[in-house]
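# Reading the structure
One-letter residues, chain by chain:
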Amino acid sequence: MRLSRYPLMTLKEVPASAEVVSQQLMLRAGMIRRLASGLYSWLPLGLRVLRKVERIVREEMDAAGAFEMLMPVVQPAELWEESGRWDVFGPELLRFVDRHHRGFCLGPTHEEVITDMARRELRSYRQLPVTFYQIQTKFRDEIRPRFGVMRSREFIMKDAYSFHLDQACLEQTYQRMYQAYAAVCSRLGLRYRAVEADTGAIGGSVSHEFHVLADSGEDAIAYADGGDYAANVEMASCAEPAQTRPAPAAELEAVSTPDIRSIEAISDFLDVRPDRCLKTLLVEGVESGMVALVIRGDHELNPIKAARLPGVATPLKMAEADKITAAAGCEPGFLGPVGLDCPVYADLAVSAMADFVCGANRVDQHLRGVNWVRDLPEPQFTDIRNAVDGDPSPDGRGTLRIARGIEVGHVFQLGSKYSESMGATVLDAEGREQPMLMGCYGIGVTRLVAAAIEQNNDERGIVWPTPIAPFTVLLVPINLHKSPRVQDACETLYTALQSAGVEVLFDDRDARPGVKFADGELIGIPHRVVIGERGLDAGTVEYRRRDAAESEDMPLAGLASALAEKVAAEMDQE
RNA sequence: CGGAGUAUAGCUCAGCCUGGUAGAGCACUACGUUCGGGACGUAGGGGUCGCAGGUUCAAAUCCUGCUACUCCGACCA
């Protein structure tokens, strides 16, 4: 491609609205432009990358034995009513009516549509197992779209759905998909982790998320440094504390703590460490009442674990301030479990605490030297906190570390959730009707592009992994329009690279070299060749990898094939 | 949805407090000089100052309402 004819739309300045590097660089490199909140156009340069990611995903899906198809973006409301999700999905589902007043939605995912297809077309166990996938636009009316293409309302997803007669078969395909996802991530050149995950709105039992590691990631993941355990922090279970509870040593006493409401404040005020304090939270109960959740002062409540407790409303909802005052007789800052008239759950770590500090359920007062059994009955101890760095791994092997991740993929064993509600059955070998078991598997294709940038950039711009770079070789002439020798050498090399199948970008613009170098680095082309009079005298050109600090000379003779080899070697680096 | 903030040229922003004929840098057009790390000169084009109303002789500037966007808290590929 000749750059003089290519619509390269780079920006010198960072648009004010962009907050994460991937978004800044995608805008600056001219990959995307914003149309409205959470809606982006892909410019030619960005689309080249997107298509490459799609191609890799497609290849891995095909290799895993899945069949590509394409389903509509617009879906009829009836299907969603059948599965029961029309009422459950919430405002993220963009709904509308057509001219005949029939209800529709924009597909945020396609379980309903594929299950409808499956129940019509799959009648016999002999047709199973089978997996279908599509690479297609999804729409989710996110409350707050953020980070550019990373969390947009319209995005491209690869979604796959598998159908089975029995659990063993489902597990087999699940494993195969899991492997395919791992292959996609490594072919893309990404550092990633697969972790156990919550199933959320999609439903089902077993699920794993694939996270690209990046500090800007919205999720926290926990992984063992001495074993295989890895889970989303939402899911990571916490073991019972190793140490047993010491015997009470201090007297129970009430202390005046005027306007001291947070754990931090009370810890400073009384000079006790936060891990000697209790944090008491009131949440809505299943019926009108409330439930108290007690965790150690330095820990965080895990809302997913808490919502699973009997008697606690799902999803978890913190009690309103006025309800707390009515029930406990004080404001939220002074809550404690002593004398509280409602069910109390305390975290496992709390069971090992003695002589602790907690709120007195009276304004401006806390208790210190509090002990279970002696001062108040033991509550039910259970796991309700987030795992933290340094916790022992739940499987007993190694210590947990916490890292930030961008969720780029999610695989689920759905079981019969959709096939039962929508009547998707086949006849088994004995001629009996059986609901099919299903798996579903999603990859955020547009998000993968952003995640790749998030992980591969420097102060000058993007540093593309070769397999998804928009072009693989950048050809920069010096004084192209004045030197016939440079012009000849460039034209020859350009043609040779093209016939060697290399995606070469030839910067034949009438611009100064600095501009060309800056643009080339911004858009992240992995290999750069500079051709000038200087080198031609010696029969060499200057070569530099995008991620290298220094340039090196390469002989002009045989250059095209040497470069083609370099590129090919990096194309498939699993 | 709650809280905070912003809206002036294609982009980044100044001007607003203290009302008086719309500004800078970058980008764009033309010509010239320049040409190995985002050059320079000269000349240009481009704005109903988010929208609507009000106060005033006079509003980008003060007041009211609306809209859009951004940021902070509960969802997800």
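In short, a report on the structure. Note that the coordinates shown come from a computational prediction; the quantities given were computed from them, not determined experimentally.

## Focus on the overall build of chain A
On a plain count of helices and strands, chain A comes out with 15 helices and 30 strands. Per-residue burial for chain A yields a buried fraction of 54% across its 574 residues. Nonlocal contacts in chain A, meaning residues at least 24 apart in sequence, comprise 69% of its contacts between residues at least 6 apart. Within chain A, the 84 negative side-chain charges are centred at a point lying 5 Å from the centre of the 62 positive side-chain charges.

## Some details on the nonpolar core
Nonpolar side chains in soluble globular proteins tend to end up buried together. Membership of the largest hydrophobic core comes to 66 residues, with the highest contact counts inside it found for M31 and W464. The residues contacting M31, other than those within four sequence positions of it, are M26, S41, W42, L43, L45, G46, V49, V449, I453, I462 and W464. One finds M71, F163, V426 and M436 within the second-largest nonpolar core, a separate group that totals 26 residues.

## Quick notes on the protein's contact with RNA strand B
Taken together, 48 residues form the shell around RNA strand B, and within it E19, E92, I143, E521 and E542 come nearest. Protein-adjacent atoms of RNA strand B, using a 4 Å cutoff, are sugar or phosphate at a proportion of 46%. At 2.8 Å, a side-chain N or O of N479 approaches a sugar or linking oxygen of RNA strand B. Counting residues per element, the ones that place at least two in the surface near RNA strand B are β8 (154–164), β20 (400–415), β23 (437–444), α13 (513–522) and β29 (540–545). Tallying contributions element by element places α13 first for the surface near RNA strand B, with 7 residues.

## Re the side chain of H110
By the element assignment, H110 lies in the loop between β6 (103–106) and α5 (111–121). Within the structure, the side chain of H110 is placed 3.0 Å from the side chain of K138, a separation counted as a polar contact. In this structure H110 touches M71, P72, Q75, Q134, Q136, K138, D159 and Y161, once residues within four positions along its chain are discounted.

## Re the pairing of strand β11 (residues 219–224)
Of all 6 residues making up β11, 6 are buried, and the element is well covered by its neighbours. Here β11 shows a buried face lined by D219, I221 and Y223 and a second buried face lined by A220, A222 and A224. Sheet topology note: the β11/β20 ladder contains 6 bridges and is antiparallel. Residue A220 lies in a different strand from β20, and its bridge partner there is R404.

## What about the sheet that holds strand β30 (residues 552–555)?
Pairing is mixed across the open sheet formed by 5 strands, whose spatial order is β27-β26-β28-β29-β30. Edge positions in the sheet fall to β27 (504–506) and β30, since each has one partner strand and no second. On average, each strand axis in the sheet is tilted by 30° relative to the strand beside it, whichever way the strands run. One ladder, built from 3 bridges, connects strand β26 (residues 473–477) with β27; its direction is parallel.

Reading the values: rules and limits
- Residues numbered from 1 in each chain as written.
- Chains lettered and ligands numbered in written order.
- Predicted model: local features only at pLDDT ≥ 70, side-chain atom pairs only at ≥ 80, totals over all residues.
- Heavy atoms only, no water.
- Helix = DSSP H or I, 4+ residues; strand = E, 2+ residues; numbered from the N terminus.
- Buried < 20%, exposed > 50% of the residue type's maximum accessible area, 1.4 Å probe, protein only.
- Contact = heavy atoms within 4.5 Å.
- Lys, Arg positive; Asp, Glu negative; His and termini not counted.
- Charge placed at Lys NZ, Arg CZ, Asp CG, Glu CD.
- Core = buried A, V, L, I, M, F, W, Y, C linked by side-chain atoms within 4.5 Å.
- Near = heavy atom within 4 Å.
- Polar contact = N/O pair within 3.5 Å; in protein donor to acceptor, adjacent residues only side chain to side chain.
- Pairing = 2+ DSSP bridges.
- Axes fitted to C-alpha atoms, helices over the stretch in contact; angles between N-to-C directions.

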